Amino acid sequence: MSKTVVLIGKTGEGRTTLFNKITNSQQKTAAGGQNVTTNVFVKQSSYGDGFQLIDTPGFDSCSQTFNLIAGFLSAIDKFLINRIMVVIRYDRLELIKKELIKYTELFQSYKDKLTFVITFMDYIKNDYLKNVNEIQLMAKQQKINSVIFASRDHSGQQLCQLFDQEIQASVAQKISLTDDQQLSLLDRIDNDEIQYYLMQSENVEYPFIQYERQMRKSCQQNQNINYSQIKEYLKKIIKKCFLDCFRLMEQNEESEKYQIYLNLKNQIKPSLNNIIQLIEKSNKNDFEQFIEQELKSYEVGRNECLKQLEQAKKHMSSSIVQL
Ligand SMILES: Nc1nc2c(ncn2[C@@H]2O[C@H](COP(=O)(O)OP(=O)(O)O)[C@@H](O)[C@H]2O)c(=O)[nH]1
Ligand SMILES: [Mg+2]
């Protein structure tokens with residue numbers, strides 16, 4: 001039986017372009033960043049050893065948000081998957097790194113099935129190899145060894161060859177995501193309104209970064225760290241961060257509030273993780289739990305989102321098109 005590869009990623013990263021070249025198709029691409037379709041397309045590759053390729057609608061912020069996520073979810077519901085190919089457009093390295101971390105976390109139980117496809121490699125003017133090496137290194141740090149680099153100059157034949165190589169040893173498997181993982185797809189969407197707020201407030205993570213610095217200094221100077229004082233302070237700045245944002249977006253729907261929660265959590269989590277690292281071993285577990293609980297208390301609209309996602313999945317399972 002033919003192997004199956006699913007493409008996933010944000011809108012405009014080049015999925016449909018890859019799909020068209022590989023399967024010799026003429027599906028509409030998202031010129032101008034417009035999301036063109038919420039359909040899922042399935043077709044056999046045209047060259048090489050052969051595999052079945054699934055193009056999913058991009059994750060994008062619009063009235064279709066839930067349908068887009070559900071498109072991907074209904075695809076992995078219907079097919080056994082040999083390889084998940086995450087398509088990421090070439091950009092500043094630290095942005096790529098963020099994406100790699102997010103997707104690895106999402107598919108942590110399927111790391112052996114994950115390939116990163118970095119598109120738009122033709123945008124690199126200098127130091128092509130240096131960039132390739134660094135991206136490969138960043139992927140390795142996430143324990144992912146499978147990376148494909150694609151550019152506009154690649155032919156369908158070349159792409160098929162690259163894909164064939166990566167899927168050779170992959171067995172077909174059912175991919176299932178937990179509710180939380182499914183919902184975390186919501187924070188891969190650039191919600192303009194949320195982004196706007198985050199930009200307005202300059203740096204929601206600033207108080208956290210500042211505190212992290214202060215703690216680091218105290219540690220270096222071997223000062224006694226008052227554990228309950230740290231908790232108190234963090235409680236305060238976490239509260240401020242969420243309440244400020246919710247206040248600004250008061251009239252929003254529950255499901256949007258959940259997206260805000262995800263975005264904010266994502267934004268401050270790296271600093272919080274750094275702070276956790278500074279806590280002495282004996283208190284670390286307790287401290288981790290404390291942070292989780294604090295964040296969780298600002299989680300609103302989760303059930304509403306799950307409900308909307310379930311409805312969208314029902315709707316989307318009928319829009320898988322076999323070409
Ligand atoms: N320069 C360049 N443009 C690309 C590349 N891949 C896709 N594009 C362009 O980017 C736009 C969005 O591509 P599309 O395949 O529709 O993205 P999708 O939303 O992920 O399916 C289209 O105008 C493509 O022509 C690439 O590797 N290099
Ligand atoms: Mg597309």
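Refer to the structure above for everything that follows.
This one's a predicted model, so the numbers in the text were calculated from it and none came from an experiment.

## Comments concerning the pairing of strand β4 (residues 83-89)
Sheet faces and side chains relate simply in a regular strand, where the side chains alternate between the two faces. Most of β4 sits out of view: 6 of its 7 residues are buried. Both strand β1 (residues 3-8) and β4 contribute to a ladder of 4 bridges, which runs parallel. Across the sheet, V5 pairs through a bridge with R83, a residue of β4. For β4 and strand β5 (residues 114-119), the ladder comprises 6 bridges, and the chain directions are parallel. Within β5, the residue paired with V86 across the bridge is F116. Regarding the hand of the β-α-β motif, the stretch spanning β4, helix α3 (residues 93-106) and β5 is right-handed.

## Side note on the nonpolar core
Of all hydrophobic cores here, the largest spans 66 residues; its most connected members are V6, L7, I69, V86 and F116. Counting residues per element, this core draws most heavily on helix α2 (residues 65-78), at 8 residues. Residue-level mapping places this core at the junction of two domains, with at least three residues from each of domain 1 (3-176) and domain 2 (191-308). In contact with F116, not counting residues within four places along its chain, are V86, I88, L100, A139, I144 and V147.

## Looking at α3
In an α-helix, one turn spans 3.6 residues, which is why side chains three or four residues apart end up on the same side. Spanning 14 residues, α3 covers 20 Å between terminal C-alpha atoms, matching the ideal 20 Å at 1.5 Å per step. Of all the positions in α3, only I96, E99, L100, Y103 and L106 are classed as buried. Axial view of α3: buried residues confined to an arc of 130 degrees, hence all on one face. Within α3, the exposed residues directed more than 90 degrees away from the buried face are E94 and E105. Check the buried side of α3 and you find it contacts β4, β5, α4 (128-141) and α6 (179-184).

## Remarks on the packing of helix α9 (residues 227-248) against helix α11 (residues 281-296)
Interhelical geometry of α9 versus α11 gives an angle of 20 degrees and a closest axis separation of 11 Å. Regarding the angle of α9 to α11, the classification is roughly parallel. As α9 packs across α11, the resulting crossing turns out to be right-handed. In this structure, α9 uses Y227, K231, L234, K235 and I238 to contact α11, whose residues at the interface are N283, F290, E294 and L295.

## Looking at unusual backbone geometry
Although it is not a glycine, N24 sits at a positive phi angle of roughly 55 degrees. Looking at the secondary structure, you find N24 in the loop between α1 (15-23) and β2 (40-44). A positive phi is found at F120, a non-glycine position, where the angle reads about 60 degrees. With respect to the element layout, F120 can be found in the loop between β5 and α4. Given 18 C-beta atoms within 10 Å, F120 falls into the partly exposed group.

## A word on the pairing of β5
Extensive coverage of β5 is indicated by the burial of 6 of its 6 residues. Here β5 shows no split at all, with L114, F116 and I118 on one side and T115, V117 and T119 on the other all buried. Looking at chain direction, β5 and strand β6 (residues 147-149) are connected through 3 bridges and run parallel. When the sheet's bridge partners are listed, V117 is paired in β6 with I148.

## A short note on the sheet that holds β6
Judged by pairing direction, the sheet is mixed, and its 7 strands sit side by side in the order β6-β5-β4-β1-β3-β2-β7 without closing on themselves. What marks the edges here is a single partner per strand, and that holds for β6 and β7 (320-322). Between one strand and the next, the sheet's axes are offset by a mean angle of 25 degrees, whatever the strand orientation. When β2 meets strand β3 (residues 51-55), the two strands line up antiparallel, connected through 4 bridges. From the neighbouring strand, K43 faces β3, where its bridge partner is L53.

## Brief notes about the environment of R15
Inspection of the secondary structure puts R15 in helix α1. Classification of R15 as buried rests on a count of 27 C-beta atoms within 10 Å. Along the primary structure R15 and M85 are separated by 70 residues, whereas in three dimensions their C-alpha atoms are 9.6 Å apart.

Definitions and cut-offs
- Residues numbered from 1 in each chain as written.
- Chains lettered and ligands numbered in written order.
- Predicted model: local features only at pLDDT ≥ 70, side-chain atom pairs only at ≥ 80, totals over all residues.
- Buried ≥ 20, exposed ≤ 12 C-beta atoms within 10 Å, placed from the backbone.
- Helix = DSSP H or I, 4+ residues; strand = E, 2+ residues; numbered from the N terminus.
- Pairing = 2+ DSSP bridges.
- Right-handed = clockwise from strand over helix to strand, strands pointing away.
- Core = buried A, V, L, I, M, F, W, Y, C linked by C-beta atoms within 7 Å.
- Domains from an automatic or database assignment.
- Contact = placed C-beta atoms within 7 Å.
- Expected span 1.5 Å × (residues − 1).
- Arc of directions from axis to C-beta.
- Axes fitted to C-alpha atoms, helices over the stretch in contact; angles between N-to-C directions.
- Parallel < 35°, antiparallel > 145°, perpendicular 65-115°, else oblique.
- Left-handed = near helix turned anticlockwise from the far one by under 90°.

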